[in-house]
Structures are given as structure tokens and as C-alpha cells.
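Commentary on secondary and tertiary structure
Residue strings, one per chain:
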Amino acid sequence: MIKNRVLENRIELVFKLLYFVFVLLSFNSFCARQFYISYISYVVVAFGAFILVNRLTHMKDYLNSKIWLLVAFILSYLLGAINTLRYGIMENIQAVAWMSIQFFAVFAYDIRKDKDFANKEFKVITAFFIAYTMLMAIIGLTLMIAKYEYYTVIDGMYVIAAGFLFNRLWGCYIDPNYGAIFSLVSILLSMYYFKSSNKKIKLILILNILVEYLYICYSDSRTGRLAIILSIAALVYLLLIKRDKFEIGDKSIELIGAKKVVVVAFVALLCAGVVWSGTKVVKLTTSEIKVAIAKSTAIEQGATEEQAEVIADYDRIGRYDEEINGGDVSNNRFEIWKSGIDIFKANPITGISFRNIMEYARTEMPTGFIATSGFESMHNFLVDILVSQGIIGIAILLVFVVLILKPTLLAAPKLGLADYNQFVFMFASLVAIFVSMLTYSEAFYMNTGGAFLFWYFLGYISNYMLVNKEN
């Protein structure tokens with residue numbers, strides 16, 4: 001296999017970029033479900049298999065307790081697949097293949113990797129993501145201005161939407177909630193690169209932050225707004241908690257101990273609240289202007305007052321509460337989770353595997369919500385794992401989380417300033433993606449841009465940055 005470590009690193013970077021492009025295009029409104037996506041997937045799987053086989057030749061550089069837990073996690077998934085073998089085989093083989101790529105080609109890190117190349121790889125991947133999301137945000141805002149909308153259902157199940165419809169900005173994403181999380185992560189990464197960039201790049205980053213923020217505002221994503229609160233609060237807290245002195249005007253205030261924690265936490269929540277409130281203000285203000293212009297135009301063209309109001313409502317930005325599934329605050333999620341728990345209770349030890357959820361529900365629980373509604377996932381990563389892998393899968397996950405969090409909390413404060421700043425912005429990005437995992441099937445079992453970034457950032461922090469903190 002590959003003997004030259006420099007060449008190996010470059011080939012792996014090419015693979016990660018290809019895989020990243022694939023998952024981004026798979027959730028792009030104008031590329032999703034297109035014939036060429038399947039062909040790209042074959043190339044990615046073949047390339048990923050090559051990467052994994054090559055890594056086996058020096059697997060000692062990757063092995064640690066977290067990797068062994070992920071091996072156990074996949075074995076646990078196979079138990080669920082065997083439990084429901086009669087409902088399908090090939091789909092679960094594909095699921096294991098994709099999980100193996102995410103865990104062992106994206107998350108797993110060679111602890112001997114050259115630090116300069118690791119940083120270069122990080123910059124290439126994140127710069128590509130910023131460029132992609134910036135382009136998508138600009139196109140999305142343009143589609144909203146042009147009042148473009150597109151909506152279709154493929155195979156009677158998969159919804160593909162684009163542009164501005166249902167009073168929300170979907171843009172180029174098949175789900176505005178995914179788009180909002182992408183935009184938030186893109187903002188965080190832009191903020192990370194801002195200080196070290198030249199003037200031209202700074203202008204581009206400012207433009208990106210602006211268009212991404214507008215996308216979040218106009219997407220009317222509650223998931224995105226919740227992610228803003230938690231990720232911005234985490235970002236500000238982690239940046240300020242390292243400081244001992246705070247400059248306020250001409251005064252320098254020194255804070256220590258519990259007082260420092262309370263003050264920093266308050267400032268972090270205040271900053272998060274301001275950014276969150278801004279999304280509401282921008283959305284409502286823009287909506288009122290658009291509606292007023294549309295109503296005035298309609299009246300000038302001969303419409304009555306009542307007719308003009310109906311016409312103008314199509315230009316409104318944002319949903320009323322009663323429009324969200326008849327006022328259901330969870331938008332069906334409570335029913336999905338309840339049905340998922342019922343499936344878990346029937347298969348508590350091994351679960352039924354993620355790819356066999358629909359077939360199992362239609363056969364074993366035909367009157368349940370999952371079978372009658374057509375949902376194929378639980379819209380929450382914990383319920384997904386409970387249903388797919390039962391108690392065994394959840395137990396493995398909990399141990400994995402402890403092995404990630406404990407060394408992170410101990411080692412992160414000891415990082416140098418540059419590494420610590422990089423860690424903070426990656427951690428804040430992980431928080432944003434984690435919020436998405438609470439309301440959508442993300443990271444586990446899914447091939448999305450968010451899932452790629454989740455495993456890439458988590459692997460970089462826990463398997464490389466913290467392991468090599470002394471170097």
C-alpha cells in the first residue's frame with residue numbers, strides 16, 4: 001500500500017473533499033436524487049474502502065478506546081440488522097459501509113500526522129465549506145427576491161423544494177433547517193478566520209457572515225434559532241473564561257473563581273440573546289416591508305383591499321404558530337418519538353436497525369404513527385439509536401460520550417492560545433450541529449454535510465488536537 005506518508009495524507013485529503021462534496025450535493029435542492037448522485041456515491045465508497053484498507057497497514061496509529069467503541073457500535077448495529085433480517089439486507093449493508101467511512105476515515109486520526117499538514121487540511125476543508133455555503137446563501141437570497149419557488153415529491157415520499165415557498169427561504173437546501181445550521185457553522189468559521197486574514201479576505205468573510213445571517217433569518221428555522229443561542233453562548237463563554245482581566249473603558253477589572261464564571265456566563269447568554277433577537281427583528285421588519293409593497297402593488301393593479309391582503313400574504317416571511325402543523329409546537333416530533341419508543345419497547349436489547357424502521361413499522365405496527373405517516377427516521381439521534389440498536393447501542397454511545405468529554409474538559413484549557421481559539425470555534429460548531437441532532441436525524445446513520453463536519457471536528461479535537469497538545 002502507500003509507503004509515503006506525505007502522499008498518503010494528500011490522497012486522504014482528496015477523499016475527504018470528495019466525500020464532503022457528495023454529502024453536500026445530496027442535500028442540495030438542484031442535485032438531490034439526480035442520477036449522477038448514485039454514481040458519485042459508488043466512487044466515494046470505493047475510494048473510502050481503499051483509504052480504510054490502507055489504514056489497516058498501520059492501524060496502531062489510529063487505535064484508541066474511542067475507535068474500539070465505534071467498532072462495538074457497528075457490531076451492535078449488526079445485531080439489530082440480524083434481528084430484522086427478514087425486512088431487508090442490502091440497505092443495512094450500505095448503512096454499515098457509510099458508518100465505517102464516517103467513523104474510520106473521517107473521525108479516526110493518525111496521531112503521527114504532521115501538525116502543519118493537519119492544519120492545512122483543516123483550512124482547505126473549512127474554506128471550501130465557507131465558499132460553498134456563501135454561494136448557496138447568495139443564490140438563495142436571489143431566489144427569494146425573484147419570488148422563485150419549486151416543489152416536487154419523488155417516489156411519493158421524498159420532498160424536493162427550493163427557492164422561497166410556504167413563507168420560508170429554502171434556497172438551495174432541501175430542508176431550511178439543515179440550511180440554517182450550515183449557515184450558522186459557516187458564520188462561526190468565518191469569525192475564526194477573520195482576525196488572521198488580510199483586508200480582501202476580511203471583506204469576503206464579512207459579506208459571508210451577512211448573507212448567512214440573512215438566510216437564517218428568512219429560513220424561519222426554529223432549530224437554527226435554538227442553535228444560535230447555544231452555540232454563541234458556548235463560543236463567548238469559552239473565549240472569555242480564559243481571560244483574567246476585562247477592559248471596560250479606562251478600567252481594568254480582574255475576576256476570579258465563581259464570580260468570574262457567573263459574569264462570563266451572563267455575558268455569554270446576553271450576546272446569544274442579542275444575536276437571536278436580531279433574527280426575529282430582521283425577519284419581521286423585512287416581512288412587513290415586503291407585504292406592504294406587495295399590497296400596494298396589488299391595489300394599484302385593481303385588486304380590492306381584501307384581495308390585496310391575500311396576495312400580499314404570499315410575500316410574508318415566517319410562519320404563524322398555527323400554520324406549523326395545526327399549531328403542534330413539535331411539528332409531529334412528539335408523535336414520532338412516541339411511536340419510536342413503542343418500537344424500542346418491543347425490541348429493547350438489540351433494536352431493529354435504522355434502515356428497516358419503515359418496513360418493520362408497516363408489518364408489526366401498521367396502525368402506529370410511523371407506519372401511517374411515512375416517516376423513516378425518529379428526528380432525534382437518541383431515539384434513532386434506541387430504535388435501531390436498543391439498550392446495547394445507547395450504552396456504547398454513553399461510554400463514548402464520557403471518553404470524549406472527560407479528556408476534552410481536562411486538556412482544552414491547557415492548549416496554547418492559537419490551538420485553543422481553533423478548539424473553541426470547532427466546539428461551538430459542534431454545539432450547533434448537536435442542536436440539529438435533537439430535532440433531526442443527523443450524524444448517526446445519515447450522510448449530510450452536518451454529519452461530515454460533526455465527525456471531522458470531533459475527530460480532530462479528540463483524536464489529534466488534544467492528544468498532541470504538548471507538541
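Now for a description of the structure that goes with this document. (Residues numbered from 1 in each chain as written. Predicted model: local features only at pLDDT ≥ 70, side-chain atom pairs only at ≥ 80, totals over all residues. Heavy atoms only, no water.)

**A closer look at the sheet that holds strand E2 (residues 158-165)**
Neighbouring strands of a sheet are bound in pairs by backbone hydrogen bonds; such pairs are parallel or else antiparallel. The test is simple: Following DSSP output, two strands are said to pair if at least two bridges run between them. A run of DSSP states H or I qualifies as a helix once it reaches four residues; a run of E qualifies as a strand once it reaches two. Both are numbered from the N-terminal end. Only the stretch in contact is used when a helix axis is fitted, and all axes are lines through C-alpha atoms; the angle between N-to-C directions ranges over 0 to 180 degrees.
Spatial ordering of the open sheet is given by E1-E2-E3, a layout of three strands whose pairing is antiparallel. Pairing within the sheet leaves two strands with one partner each, and these edge strands are strand E1 (149-154) and strand E3 (168-171). On average, each strand axis in the sheet is inclined to that of its neighbour by 35°, with strand direction left out of account. Examined bridge by bridge, E1 and E2 share six bridges and lie antiparallel to one another.

**Details of the packing of aromatic side chains**
This is how it is decided: Pairs were defined over the aromatic rings of Phe, Tyr and Trp, the Trp ring being its six-membered one, requiring ring centres within 6.5 Å. Orientation was assigned from the angle between planes: stacked under 30 degrees, edge-to-face over 60, tilted for the rest. Three exposure classes are used, based on accessible area relative to the maximum for each residue type with a 1.4 Å probe and protein chains only: buried under 20%, partly exposed in between, and exposed over 50%. When the NZ atom of lysine or the CZ atom of arginine is within 6 Å of a ring's centre and also within 35 degrees of its normal, the charge is said to sit over that ring.
A complete count under the given rule lists 48 aromatic pairs for this structure. Their ring planes at 80° and their centres at 5.6 Å tell us that Tyr151 and Phe166 sit as a pair that is edge-to-face. Of this pair, Tyr151 sits in strand E1 while Phe166 sits in the loop between E2 and E3; the two residues are 15 residues apart in sequence, bridging distant segments of the chain. Since its relative accessible area comes to 51%, Phe166 is described here as exposed. A cation over a ring is seen here: Lys16 above Tyr109, with NZ or CZ 4.8 Å from the ring centre.

**Section: the pairing of E3**
In the case of a regular strand, side chains alternate between the two sheet surfaces. Burial of E3 is two-sided: the residues Arg168 and Trp170 facing one way and the residues Leu169 and Gly171 facing the other way are all buried. Note: E2 against E3, three bridges, orientation antiparallel. Its bridge partner being in E3, Phe164 is matched across the sheet by Leu169. In this antiparallel pair of consecutive strands, E2 and E3, the connection spans two residues, and Phe166 shows a positive phi of 55°.

**A word on helix H7 (residues 199-219)**
Filter applied, for reference: Take the number of residues in a helix, subtract one, and multiply by 1.5 Å to get its expected span. Only heavy atoms enter the contact rule, under which two residues are in contact if any of them lie within 4.5 Å.
Between its terminal C-alpha atoms H7 stretches 30 Å, which fits the 30 Å expected from 21 residues at 1.5 Å a residue. Against the buried residues of H7 lie helix H5 (115-145), E3, helix H6 (176-194), helix H8 (222-240) and helix H9 (257-300). One or two steps after H7, the chain reaches Asp220, where phi turns positive at roughly 55°.

**Here we look at the pattern of salt bridges**
Spelled out, the test is: Any Lys or Arg side-chain nitrogen located within 4 Å of an Asp or Glu carboxyl oxygen qualifies as a salt bridge.
Taken as a whole and assessed by the stated rule, the structure comprises 18 salt bridges. For Arg112, the salt bridge goes to Asp61, with nearest N and O atoms at 3.2 Å. Here the residue Arg112 occupies a position in the loop between helix H4 (90-107) and H5, and Asp61 occupies one in the loop between helix H2 (35-56) and helix H3 (65-83), the gap between them amounting to 51 residues. A salt bridge links Lys147 to Asp315; the nearest nitrogen and oxygen atoms lie 3.1 Å apart.

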